[in-house]
Amino acid sequence: MILESPLDLIFRDLFYHLRAFAGSHDVYLKLEGFNITGSIKVKTAIALVEDLEQRGIARPNETVIVESSSGNLGIALSLVCAIKGYRFICVTDPNANRANIKGMELYGAKVIVVEDRDPAGGFLGSRLKTIEQILQSEPNAFWLNQYANLANKNVHAEQTANEIAREFDKVDWVFVGTGTTGTLTGISERLRHEFPRIKVVAVEPVGSVTFGGAPGKRNIPGIGTSVRPKLADLANPDKVVAVNEEKTVEACLSFVRDYHLLVGGSTGTVLAAVKQLASEFTLGDTIVAISADLGERYLDTIYERAWVENVIVPEGKTPV
Ligand SMILES: Cc1ncc(COP(=O)(O)O)c(C=O)c1O
């Protein structure tokens, strides 16, 4: 395989067959963590920048692209902007992992880490405020706005969903972790058309407000929001499962032990949700779940006992 660009490193047909994962049911885990920059978000990054180009907004060496990201979109955009010649500013927060921040800087991005939590206990409100300030002070700045940009949804309808549809004759369940809901919305739009009886499950952490849950502190990046994203208006999942972060950690650890793959936080959350709904599956159902990234970047957090004990507070206990 000869590559002309790192952006050719997107693996569209990797599905890990998890035998008897949920009782007697097999699950197919769509692996996106082997893509360049380590996650599903490289597809989103390419789509958002190409959309800007198609709309005639982006000019190399002049346009400053700005985005809020918990890390994975940030590092993907850093690479895409470096290749295409755009300056890039990423506004992120303390939940972003160190490797992603370092990677963004190495690809030439400016990284701003907001420190203040917003009234819903998250950082998204603070990140969006910072973006407003940048837009006011930098005349060539343009905000991609992954939370409302239809290109974020369309790329998953055209690519991720079709990658699933190409692999399976039928899909009965699809489980998707949600942040902006771009992946969920795009996948469900396209797969509902292909498999009308499919059940689409949105997975989020407890404390996320996207699907009407009570706001609360969350510590695992990538999924959940403290401000409902506009794209969620188009989502319409059949079911929403909220998983607490303790369960996510447990799911990540047991997956490494039993299935020998170090997966990221949103994958653990999705896998916990699959187990939670197992009693609703029928024998012979095809169950697909999305694994957005791998676990190496979470070695200091999810896979570090001291971090878990200090940061993830069991329900009913008071924070230290
Ligand atoms: C690890 C991980 N999982 C899931 C998601 C959620 O994807 P989306 O923003 O399309 O809802 C993200 C988004 O950044 C992510 O980084």
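Scroll up for the structure.
Residues numbered from 1 in each chain as written. Predicted model: local features only at pLDDT ≥ 70, side-chain atom pairs only at ≥ 80, totals over all residues.

Q: Even after reading the chapter, I still don't get the overall build of the chain, so can you show me in this structure?
A: Regarding its fold elements, the chain presents nine helices and 10 strands. For the chain, the spread of C-alpha atoms along the principal axes amounts to about 55 × 50 × 35 Å. Counting across all 320 residues of the chain, residues that qualify as buried make up 49%. For the chain, contacts bridging at least 24 residues in sequence account for 70% of all contacts bridging at least 6. (Helix = DSSP H or I, 4+ residues; strand = E, 2+ residues; numbered from the N terminus. Buried ≥ 20, exposed ≤ 12 C-beta atoms within 10 Å, placed from the backbone. Contact = placed C-beta atoms within 7 Å.)

Q: Is there a simple way to think about the site of the ligand in this case?
A: The local shell around the ligand holds 19 residues, among which G179, T180, G222, S266 and A292 are the closest. Elements represented by at least two residues in the shell around the ligand include exactly α2 (72-84) and α6 (182-194). For the shell around the ligand, a count of residues per class yields four nonpolar, 13 polar and two charged. (Near = placed C-beta within 6 Å. Nonpolar A, V, L, I, M, F, W, Y, C, P; charged D, E, K, R; others polar.)

Q: I tried to follow the sheet that holds strand β2 (residues 25-31) on my own but got confused; where do I start?
A: Each strand in a sheet pairs with its neighbour through backbone hydrogen bonds, running either in the same direction (parallel) or in the opposite one (antiparallel). Taken in spatial order, the six strands line up as β1-β2-β10-β7-β8-β9 in an open sheet, and their pairing is mixed. Two strands in the sheet have a free side with no partner beyond their single neighbour: β1 (15-22) and β9 (239-243). For this sheet, the mean angle separating the axes of adjacent strands, direction not counted, is 25°. Pairing of strand β7 (residues 173-177) with strand β10 (residues 287-291) involves three bridges; the strand directions are parallel. (Pairing = 2+ DSSP bridges. Axes fitted to C-alpha atoms, helices over the stretch in contact; angles between N-to-C directions.)

Q: Explain the pairing of β7 to me, please; I cannot follow it from the model alone.
A: Across a regular strand the side chains alternate sides, sitting on one face of the sheet and then on the other. For β7, a buried count of five out of five residues is recorded, marking the element as mostly surrounded by other parts of the structure. Here β7 shows a buried face lined by W173, F175 and G177 and a second buried face lined by V174 and V176. Inspection of the sheet shows β7 paired to strand β8 (residues 199-205) by five bridges, in the parallel sense. Paired with V176 across the bridge in β8 is A202. With respect to chirality, the unit in which β7 leads through α6 into the neighbouring parallel β8 is right-handed. (Right-handed = clockwise from strand over helix to strand, strands pointing away.)

Q: What is the right way to read helix α4 (residues 124-137) from this model?
A: Residues lying three or four places apart along an α-helix face the same way, a consequence of the helix completing one turn every 3.6 residues. Along its 14 residues, α4 runs 20 Å from first to last C-alpha, staying within 8% of the 20 Å computed at 1.5 Å per residue. Along α4, the positions that sit buried rather than exposed are L124, R127, T130 and I131. Seen from one end, α4 has its buried residues packed into an arc of 120°, which puts them on one side. Looking at α4, the residues exposed on the side facing more than 90 degrees away from the buried face are E132, Q133, Q136 and S137. Each element contacted by the buried residues of α4 is listed here: β3 (64-68), β4 (87-92), β5 (110-113) and β6 (141-143). (Expected span 1.5 Å × (residues − 1). Arc of directions from axis to C-beta.)

Q: Any chance you could explain the environment of L124 here in plain terms?
A: Its place among the elements puts L124 in helix α4. With 56 residues separating them along the chain, L124 and S68 place their C-alpha atoms 8.0 Å apart. Excluding anything up to four places from it in sequence, L124 contacts D118, T225, S226 and V227.

Q: Where do I start with the nonpolar core in this structure?
A: What tends to happen in soluble globular proteins is that the nonpolar side chains get buried as a cluster. Of all hydrophobic cores here, the largest spans 46 residues; its most connected members are V174, F175, V274 and A289. Broken down by element, this core gets its largest block of residues, five residues, from helix α8 (residues 265-276). Every residue in contact with V174, bar those within four places of it in the chain, is listed here: I187, L191, I198, V200, V201 and V288. (Core = buried A, V, L, I, M, F, W, Y, C linked by C-beta atoms within 7 Å.)

Q: Which parts of the structure should I look at to understand the sheet that holds β4?
A: One open sheet accounts for four strands, arranged β5-β4-β3-β6; its pairing is parallel. Whereas interior strands pair on both sides, the edge strands pair on one side only; in this sheet they are β5 and β6. The mean angle between the axes of side-by-side strands here comes to 20°, regardless of whether they run parallel or antiparallel. Inspection of the sheet shows β4 paired to β5 by four bridges, in the parallel sense. What sits directly across from V91, in β5, is I112. With respect to the sheet, α2 is in contact with β3 and β4, its orientation differing from that of β4 by roughly 175°.

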